[in-house]
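These are the residues of each chain, in order.
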Amino acid sequence: MSNIKESFRFGIRNIRKRPYRSFCLMLAAVIGSYALFVGLSLKASLNNGIKRMQERMGADFMIVPEESEVKAKNVLLTGEPEFFYMDISVARAVADIEGVECVTSQLYFTSLSSDCCSTRVQLIAFDPDTDFVIHPWIDEKVTEKVANGSVIVGSEVTPLPDGKVKFYGNEYQVAGKLGETATGLDNSVFMSRDTMHGILNDAKAKGYQFLNPEDDGSYVSTVLIRVKDNADITGIEKQIYEKAEGIKFIETDKLVNDITVKLGSVESIINITLTVLLVFSFVTMILFFSVIFHERKKEFAVLRILGTTSKKICLISLTEGITIGAAGGIGGLILGILTVFPFNDYIENTLDVPYLMPAVSAVILYGLLGVVVTTAFGSLASFLSTLSLAHAETYYTMRAGE
Amino acid sequence: MAFLTAEKLVKEYKRRGKVFRAVDDIDLQIGSGEFVMIEGESGSGKTTLLNLLTGLTDPTSGSVSIEGKDLKDLDDKGISGIRNEKIKYIPQGESLLSSLTVKENILFPFVIGGAARPSDERLLEVAEKLGISDLLDEYPSDLSGGEMRRATIARAVINRPSLIIADEPTGSLDSVNTSKVMDIFKTIAEEGTAVIVVTHQKETLRYASRVLSMEKGKLREVS
């Protein structure tokens, strides 16, 4: 072959002339590329989800009513709207404890999926004066201030066409939408206590008596605490339990750790599956190429007879391997895209852990990696299969091929 | 100087642990324009000898020289270059590349070696002489055994090489086509190309300027 272009053309002709054989080979590459793209995207989404969740927690500890620990976790993790509360005195008691840097409280309420509300979501009222959890997050994404009567919505909450949301018959202007957090907070609506007061009144007027709105200032759903550096955590926990009854002290790190453990097992399954499929893809390609090149012994012998050097024969088979690996890799990537993106929500719900797709650049990188790896598989498999043929005496190769 | 020289050429194989000499101490010289035919029984070592002469297999001992160059001293690129341009080998059986058309098969050695491809007139002339001019765009899978054989011969003769070595080239041809092929070989030899043909067909020996006979690895001059 006078140049690489001619080797490439001849290799492509061989692939096109034997479509079934080429398709079978490509299928092995499709599996490898698909596994790599889907596996890496899933892993990245899980790690991204947990990382974002950690970032958004903001507080070191949470205090919730003793019987509402599961509900509180639901609000954070699954987005299932919950309603629970305890006396605000807990927040006041905590503020005086040695080692506590700042304290804020939140009140949770839920909207309904009936006509009175645009959607059933978690309503969260926070105290703008003491808040250190929501505000940094709001400032990052939303430029407008949360005025009284307006709300900030989570990434999964869709406002009405006029840019408002309706709760218990009243509409509220959406001042901004937050970025995705991969937590239940994506399905929440944030507001000031005054706005929440109005909503509670409207709910009461419609016959939904969850909490006396006159007393809403006396209740909180959760108290969020940030402690000073090197604070005595055990001591703080002990003092909190001494000062308040019927509460549950939750370390947010432990909450994240629990999820990380769960994530670890999911990740192990992904790693094992990915490894098995990659090995399967590579071994299958080697076997296929070996069998096919064995059947093509006579063809290689003819090439030698016509004056093709061993090097050029390797180049021809390498072209076939590269083309099949790359084409299969692209096929796997397309299949992967058709799986990961349309089924994103389904995967998220099935895995039941924070799940957040990585940036487009990372997804592109995984796609490219899949194609590069299967192209390398194809080249290596074809090269290894040709090596013995290219260097064997042509006479024997010819006879063996007959 | 002879175009091809073989000296004390020996090729041994092992069969069931025993050493077997397929080619036994052969000396041979072929000059330009010679038309040499080698006859002999199956298993007498004819094909092994041809493979040694083309450098497709290595001798156990002895040497083969092309235009004074010992093939042992040439690397893969050197021997491949000789096979591409100077020696055209027509092996037994079918040897067309299945992914190429007849025309592409005939021109393939020029794609490999990068030498200037022959003119369309030359291609048509050879194809017409061999009766395959209307088959140039067909793939080998659409041809009969005889047609494939003639296409293979066309590939060998098209660039008027220095030496054509053919292993039973007319084995699958009828008498008319056998005559056509032998006429082509004779003409090409008259034009200066050395031709070595191995055959079982005694009636074709009359075309040769020199006939050799092979028996149990030994070569002897018949006429």
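Cut-offs used in this document
- Residues numbered from 1 in each chain as written.
- Chains lettered and ligands numbered in written order.
- Predicted model: local features only at pLDDT ≥ 70, side-chain atom pairs only at ≥ 80, totals over all residues.
- Helix = DSSP H or I, 4+ residues; strand = E, 2+ residues; numbered from the N terminus.
- Rg over C-alpha atoms; globule rule 2.2 N^0.38 Å.
- Buried ≥ 20, exposed ≤ 12 C-beta atoms within 10 Å, placed from the backbone.
- Contact = placed C-beta atoms within 7 Å.
- Pairing = 2+ DSSP bridges.
- Axes fitted to C-alpha atoms, helices over the stretch in contact; angles between N-to-C directions.
- Nonpolar A, V, L, I, M, F, W, Y, C, P; charged D, E, K, R; others polar.
- Domains from an automatic or database assignment.
- pLDDT = per-residue confidence, 0-100.
- Core = buried A, V, L, I, M, F, W, Y, C linked by C-beta atoms within 7 Å.

**Focus on the overall build of chain B**
Check the secondary structure of chain B and you find six helices and ten strands. A compact globule built from 223 residues would reach a C-alpha radius of gyration of about 17 Å, and chain B, at 17 Å, matches this within 12%. C-alpha atoms of chain B, sized along the principal axes, occupy 50 × 40 × 40 Å. Buried residues in chain B amount to 46% of all 223 residues. For chain B, the share of sequence-separated contacts (at least 6 apart) that also reach a separation of at least 24 residues comes to 71%.

**Section: the environment of Val165 of chain A**
Residue and element names in this part refer to chain A. Within the secondary structure, Val165 sits in strand E6 (residues 164-167). The exposure class assigned to Val165 is buried, which follows from the 24 C-beta atoms found within 10 Å. Between the C-alpha atom of Val165 and that of Val291, which follows or precedes it by 126 residues, the distance is 65 Å. Residue contacts for Val165: discarding those within four places in its chain leaves Ser118, Val151, Val153, Pro159, Leu160, Tyr172, Val174 and Val189.

**Topic: the sheet that holds strand E4 (residues 122-126) of chain A**
Residue and element names in this part refer to chain A. Reading across from one edge, E6-E7-E5-E8-E4-E3-E10-E1-E11 is the order of the nine strands in this open sheet, with mixed pairing throughout. Each edge of the sheet is formed by a strand with only one pairing partner; in this case those strands are E6 and strand E11 (247-251). Within the sheet, the average angular offset between the axes of one strand and its neighbour, ignoring direction, is 35°. As judged from the four bridges shared by strand E5 (residues 150-153) and strand E7 (residues 170-177), these two strands associate in the parallel manner. Counted as the bridge partner of Val153 is Lys177 from E7.

**Let's talk about the interface of chain B and chain A**
By a widely used convention, the size of an interface equals the accessible area lost when the partners come together. With 24 residues of chain B at the interface, the matching set in chain A holds 20 residues. The biggest single contributor to the side of chain B that touches chain A is helix H2 (residues 76-85) of chain B, with six residues. Among the residues forming the side of chain B that touches chain A, the class breakdown is nine nonpolar, eleven polar and four charged.

**Some points on the domain arrangement of chain A**
All names here are of chain A. For chain A, the assigned domains read domain 1 (4-53 + 259-401) and domain 2 (56-251). On a C-alpha basis, the centres of domain 1 and domain 2 stand 49 Å from each other. Listed as interface residues are six residues of domain 1 and, on the opposing side, six residues of domain 2. Taken together, the residues of the side of domain 1 that touches domain 2 sort by class into four nonpolar, one polar and one charged.

**A short note on the pairing of E4 of chain A**
All names here are of chain A. Judged by how many residues are buried, E4 sits mostly within the fold: five of five residues are covered. Residues Gln122, Ile124 and Phe126 point to one face of E4 and Leu123 and Ala125 to the other, with burial holding for every one of them. Where strand E3 (residues 100-110) lies against E4, five bridges are found, and the strand directions are antiparallel. Across the sheet, Gln106 pairs through a bridge with Phe126, a residue of E4. The pairing of E4 with strand E8 (residues 188-192) spans five bridges and is classified as parallel. Bridging from a neighbouring strand, Ala125 pairs with Met191 of E8.

**Examining the confidence of the model for chain B**
Looking at chain B, the pLDDT average stands at 88 and 99% of residues meet or exceed 70. Model confidence for the complex is summarised by a pTM of 0.72, with the ipTM given as 0.89.

**Observations concerning the nonpolar core**
Core analysis: the largest hydrophobic core is formed by 116 residues, its most contacted members being Ala154, Phe185 and Val195 of chain B. Considering every element that reaches this core, the biggest residue donor is helix H2 (residues 19-57) of chain A, with 16 residues. For Val195 of chain B, the residues in contact, after removing those within four places along its chain, are Phe35, Val36, Ile164, Phe185, Ile188 and Ala189 of chain B. Listed in part, the 54 residues of the second largest apolar core include Leu76, Ala175, Met191 and Ile240 of chain A.

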